[in-house]
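Structural overview
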Amino acid sequence: MIKNTTPIEVTNSDLPLHCPMNQTPVWNLHPKVFLDIGHTGEAKCPYCGASYRLKAGVKVGH
């Protein structure tokens, strides 16, 4: 798996957030895991170490 040191910015269209994301190449897949990004605005995948961050101005919730 490729480890990305730069956080991947996500928006509301990416929620609920899961890794791997839909656009992840097939060769880089692992079991899908849902990530809670609502509390801190950041999350890290326990399988591949990919870091995710909410894009500036994006609000989670209703």
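Parameters and conventions
- Residues numbered from 1 in each chain as written.
- Predicted model: local features only at pLDDT ≥ 70, side-chain atom pairs only at ≥ 80, totals over all residues.
- Heavy atoms only, no water.
- Helix = DSSP H or I, 4+ residues; strand = E, 2+ residues; numbered from the N terminus.
- Rg over C-alpha atoms; globule rule 2.2 N^0.38 Å.
- Buried < 20%, exposed > 50% of the residue type's maximum accessible area, 1.4 Å probe, protein only.
- Pairing = 2+ DSSP bridges.
- Axes fitted to C-alpha atoms, helices over the stretch in contact; angles between N-to-C directions.
- Core = buried A, V, L, I, M, F, W, Y, C linked by side-chain atoms within 4.5 Å.
- Contact = heavy atoms within 4.5 Å.
- pLDDT = per-residue confidence, 0-100.

**Re the overall build of the protein chain**
For the protein chain, the count of helices and strands is zero helices and five strands. Order of helices (α) and strands (β) in the protein chain, N terminus to C terminus: β-β-β-β-β. Here the protein chain has a C-alpha radius of gyration of 11 Å; the compact-globule value for 62 residues is 11 Å, and the two agree. The principal-axis extents of the C-alpha atoms in the protein chain amount to approximately 35 × 20 × 15 Å. Here the protein chain holds 62 residues, and 34% of them are scored as buried.

**Considerations on the pairing of strand β5 (residues 51-54)**
Where strand β1 (residues 8-10) lies against β5, three bridges are found, and the strand directions are parallel. In the sheet register, I8 faces β5, and the bridge partner there is Y52. With three bridges connecting them, strand β4 (residues 42-44) and β5 associate as antiparallel partners. The residue of β5 that forms the bridge with E42 is R53. Hairpin geometry of β4 and β5 is characterised by an intervening segment of six residues between the two adjacent antiparallel strands and by a positive phi of about 85° at G49.

**What about the sheet that holds β4?**
Pairing is mixed in the open sheet, where three strands are placed in the order β1-β5-β4. The outermost strands of the open sheet, each flanked by one partner alone, are β1 and β4. For this sheet, the mean angle separating the axes of adjacent strands, direction not counted, is 25°.

**A word on the nonpolar core**
V10, C19, L35, I37, C45 and Y52 are the most contacted members of the largest nonpolar core, which has 14 residues in total. Non-local contacts of Y52, meaning those with residues more than four positions away in its chain, are made with I8, V10, L17, H18, C19, M21, L35, I37, G41, E42 and A43.

**Looking at the confidence of the model for the protein chain**
Averaged over every residue, the pLDDT of the protein chain is 89; residues scoring 70 or more account for 92%. Within the protein chain, the lowest mean pLDDT, 95, falls on β1, and the highest, 97, falls on β4.

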